[in-house]
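Summary of the model geometry
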Amino acid sequence: MSQQLGGQPILILKEGSSRTRGRDAQSINIAAAKAVAAAVRTTLGPKGMDKMLVDTIGDVVITNDGVTILKEMDIEHPAAKMMVEVAKTQDDEVGDGTTTSVVVAGELLKRAEDLLEQDVHPTVIAHGYRMAADKAIEIVKDLAIDVKPNDADILLKIAGTAMTGKGAEASKDKLCDLIVRAVTMVAEEDGTVDLDFIKVEKKVGGSIEDSGIVEGVLIDKERVHPAMPKKVDNAKILLLNAAVEFKKTEVDAEINITSPDQLQMFLDEEERMIRGIVDKIIASGANVLFCQKGIDDIAQHYLAKAGIFATRRVKKSDMEKLSRATGATLISSIDAISPEELGFAGIVEERKVSGEDMTFVEQCKNPKAVSIIIKGGTEHVVDELDRAIEDALRVVEVALRDKKFVAGGGSPEVELSLRLREYAATVGGRAQLAIEAFASALEIIPRTLAENAGLDPIDILVDLRAAHEKGQKTAGLDVNTGKAGDMLAQGVVEPLRVKTQAISSAAEAAVMILRIDDVIASSKSAGPSPEEMAAMGGGMGGMGMPPM
Ligand SMILES: Nc1ncnc2c1ncn2[C@@H]1O[C@H](COP(=O)(O)OP(=O)(O)O)[C@@H](O)[C@H]1O
Ligand SMILES: [Mg+2]
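Residues numbered from 1 in each chain as written. Chains lettered and ligands numbered in written order. Predicted model: local features only at pLDDT ≥ 70, side-chain atom pairs only at ≥ 80, totals over all residues. Heavy atoms only, no water.

1. Digging into the overall build of the chain
Looking only at helices and strands, the chain has 19 helices and 21 strands in total. For 548 residues, the compact-globule formula gives about 24 Å, and the C-alpha radius of gyration of the chain, at 30 Å, lies well above that figure. Across its three principal axes, the chain shows a C-alpha extent of roughly 95 × 75 × 40 Å. When the 548 residues of the chain are sorted by exposure, 50% land in the buried category. Excluding contacts between residues fewer than 6 apart, the proportion of contacts in the chain whose partners are at least 24 apart in sequence is 74%. Here the chain has roughly 26,000 Å² of accessible surface; of this, 51% comes from carbon and sulfur atoms. (Helix = DSSP H or I, 4+ residues; strand = E, 2+ residues; numbered from the N terminus. Rg over C-alpha atoms; globule rule 2.2 N^0.38 Å. Buried < 20%, exposed > 50% of the residue type's maximum accessible area, 1.4 Å probe, protein only. Contact = heavy atoms within 4.5 Å. Areas by Shrake-Rupley, 256 points an atom, 1.4 Å probe, with all protein chains shown as cover.)

This is the structure we're talking about:
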């Protein structure tokens, strides 16, 4: 890396650094980003395929979920990493539409490359893309339809669309019903939903059909002692984040015991202390104890004797859910135990789920706490179901919050493409070319949906464009007939935000990648290591560079 100054090269970068500039840099970045889009493209839509990802220790994940695939892949290239960020942002913001956003970003870059080839300057393309994205969001908002309050039907369809193609197909209706019931139970008057109230508990064993909903909190723990009651009615619940054990000395102390009497005294003292703790618990009136730490044998014995149901080593997230559901305070010291801190549930009971004991906390003080148990034949099935349910919960939540949805199946993309072309004509100049490229890029969604369903993408696009030109704004790809169909009538619907977010994050990433014309990579990975440099006689690369 050098500049000539009177024949003398000036090195400004460390030896081993690499630098790519201009069109080369753009081409490489675009190629990397396109490769990411190509990697997830085949998973898009109801007929999308799955990917099997195997990590370095041989763990296998089978999934159809864009963001999961990209997170699991060990992506190195910086431009490719920016595409992964697109999927992550989409996932954080709406929970669905991750593949869509990445595929659109890839196509925007591909179209930009054609324009670069025609000598359209990257800043002009970037500007046109920004204008197009703003316009597209405006148009899609205009296409959106209101979610009416208490319209469970539309929520079921939104959940169903998010779940299609995710290995949950056979039991989709059942799962959608669970999801919508759970969300509506948790929803506030104004439509806001705190998904933290919904606990999804996975269990391997049984079939998807055995999945169910519990009005309350489900904890994957059994009671610590068989002599404890299996079921407690009118449960007064204590949530304790402190060990019910003999306190170990803080400093390393040695206790010298010289006679059996002394040992007995020591043991008696230990027992007396634990009794003290248990008595405190009993005195508070608690009949159920969830402990985040351990409960030792002696304590278990006394708790059982007092008829208290106790579980130990409960996860922190579960403790928080229990606190919200039952109204109990999370107590972190034994001294703080008091009747005022207890929570309430109508029933606490240990029951078997797929052969394993779990604790059900039902009829909670706060009825806005629900759990969904999902069951499936194998771990892979359950994991993918969990991801599908996660997506569906999120879209239902978003739809309730924004109260807007659009038809899916490629219909908004075709409509946007048509309207953006009309808009481009009013803009004129070189920006027009970029807006037209943006318009064409959006058609990648219906094209890919068609390809993945084994249909001819050209035929479908012609069909869809014709339908939209006739004013059928919700015409999308009916994967069963292979023709244009009314997505609204077929119940293929998505929250508005899935589309607006996908458009804006795809456009932002494409613009960001396009504007890069110089990639300077430090020698960290490529060049020789400091040890190698030392072996080479030290600091050769630094020649001509003043010490900083
Ligand atoms: N039954 C269906 N018919 C046609 N298109 C569908 C259907 N269900 C979902 N889609 C479309 O599939 C796309 C989403 O596919 P998906 O694999 O979930 O990817 P993403 O990660 O982008 O959500 C959306 O465009 C959606 O409208
Ligand atoms: Mg999806």
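Text resumes after the structure shown.
2. Quick notes on the nonpolar core
The biggest cluster of nonpolar side chains holds 66 residues, and the ones touching the most others in it are L108, I125, Y129 and F438. The contacts of Y129, once residues within four sequence positions are left out, are L108, R111, A112, A434, A437, F438, A510, V511 and L514. (Core = buried A, V, L, I, M, F, W, Y, C linked by side-chain atoms within 4.5 Å.)

3. Observations regarding the packing of aromatic side chains
Inspection of the entire model under this criterion finds one aromatic pair. Taken together, a centroid distance of 5.6 Å and an interplanar angle of 80° make the contact between Y129 and F438 edge-to-face. Placement of the pair is Y129 in helix α5 (residues 122-143) and F438 in helix α13 (residues 429-442), with a sequence separation of 309 residues. The same class applies to Y129 as to F438, namely buried. (Phe/Tyr/Trp six-rings, centres within 6.5 Å; stacked < 30°, edge-to-face > 60°.)

4. Quick word on the site of ligand 1
Near ligand 1 lie 20 residues; those nearest to it are D96, T99, T100, G409 and E494. Measuring from an oxygen atom of ligand 1, one finds a side-chain N or O atom of T99 at 2.8 Å. T100 places a side-chain nitrogen or oxygen 2.5 Å from an oxygen atom of ligand 1. For ligand 1, whose accessible area on its own is 580 Å², the fraction buried by protein is 94%. Per element, the largest residue contribution to the shell around ligand 1 is three residues, and it comes from helix α4 (residues 98-117). Across the shell around ligand 1, the residue classes break down as five nonpolar, eleven polar and four charged. (Near = heavy atom within 4 Å. Polar contact = N/O pair within 3.5 Å; in protein donor to acceptor, adjacent residues only side chain to side chain. Nonpolar A, V, L, I, M, F, W, Y, C, P; charged D, E, K, R; others polar.)

5. Description of the confidence of the model for the chain
With 92% of its residues at a pLDDT of 70 or more, the chain has an overall mean of 87. Here residues 536-548 scores under 50 on pLDDT; set against residues more than four positions off or in separate chains, the count is nine contacts. If you check the scores for this complex, the pTM reads 0.81 and the ipTM reads 0.98. (pLDDT = per-residue confidence, 0-100.)

6. What about the domain arrangement of the chain?
Taken as a whole, the chain is organised into domain 1 (22-144 + 407-520) and domain 2 (217-366). Distance from the C-alpha centre of domain 1 to the C-alpha centre of domain 2: 53 Å. (Domains from an automatic or database assignment.)

7. Some points on the packing of α4 against α13
Orientation of α4 relative to α13, taken along the N-to-C sense of each, is 140°, at an axis distance of 9 Å. On the basis of the axis angle, α4 is oblique to α13. Classified by chirality, the crossing of α13 by α4 is right-handed. Seen from α4, the contacting residues are V104, E107, L108, R111 and L115; seen from α13, they are L433, A434, A437, F438, S440, A441 and L442. (Axes fitted to C-alpha atoms, helices over the stretch in contact; angles between N-to-C directions. Parallel < 35°, antiparallel > 145°, perpendicular 65-115°, else oblique. Left-handed = near helix turned anticlockwise from the far one by under 90°.)

8. Notes on the side chain of K172
Secondary-structure assignment places K172 in helix α7 (residues 172-186). Given a relative accessible area of 18%, K172 falls into the buried group. Once residues lying within four places of it in the same chain are set aside, the contact partners of K172 are G160, M163 and T164.

9. Quick notes on the side chain of K199
Turning to its location among the elements, K199 is positioned in strand β7 (residues 198-204). Using a relative accessible area of 6% as the deciding quantity, one classes K199 as buried. Among the polar contacts listed, one links the side chain of K199 to the side chain of D318, at a separation of 3.2 Å. Filtering out sequence-adjacent residues up to four positions away, K199 remains in contact with V217, L218, I219, D318, K321, V370, S371 and I372.

10. Some points on the pairing of strand β17 (residues 404-407)
Relative to β17, strand β6 (residues 145-146) runs antiparallel, the two being bridged by two bridges. Note on β17: the bridge partner recorded for I145 is F405. Note that β17 and strand β20 (residues 493-495) share three bridges and pair antiparallel. Note on β20: the bridge partner recorded for F405 is P495. (Pairing = 2+ DSSP bridges.)

11. What to know about α7
The end-to-end C-alpha separation of α7 is 21 Å, in line with the 21 Å expected for 15 residues at 1.5 Å each. Of the residues making up α7, those classed as buried are K172, L175, C176, L178, I179, V180, A182, V183 and V186. Buried-residue contacts for α7 involve α6 (152-163), β7, β8 (212-214), β16 (370-376) and α11 (379-402). (Expected span 1.5 Å × (residues − 1).)

12. Focus: the packing of helix α1 (residues 22-41) against α4
Contact geometry of α1 with α4 gives a least axis separation of 8 Å together with a crossing angle of 150°. Taken as a pair, α1 and α4 cross one another with a handedness that is left-handed. Between α1, through R23, Q26, S27, I30, A33, K34, V36, A37, V40 and R41, and α4, the contact on the second element is made entirely by T99, V102, V103, G106, L109, K110, E113, L116 and E117. Of the residues contributing to the contact of α1 with α4, the split by class is nine nonpolar, four polar and six charged.

13. Focus on a negative patch on the surface
A grouping of D55, D59, E72 and E379 is seen on the molecular surface, where their side chains present a negatively charged patch. Structurally, D59 is set in the loop between β4 (51-54) and β5 (60-63). Its relative accessible area of 46% is what places D59 among the partly exposed residues. (Patch = residues over 30% accessible without salt bridge, like charges linked within 9 Å, V, L, I, M, F, W, Y side chains within 5 Å. Salt bridge = Lys/Arg side-chain N within 4 Å of Asp/Glu carboxyl O. Lys, Arg positive; Asp, Glu negative; His and termini not counted. Charge placed at Lys NZ, Arg CZ, Asp CG, Glu CD.)

14. Description of the environment of G471
Assignment of secondary structure puts G471 in the loop between α15 (457-469) and β18 (475-478). Take G471: its relative accessible area is 47%, and that puts it in the partly exposed class. Separated by 33 residues in sequence, G471 and F438 have C-alpha atoms that sit 21 Å apart.

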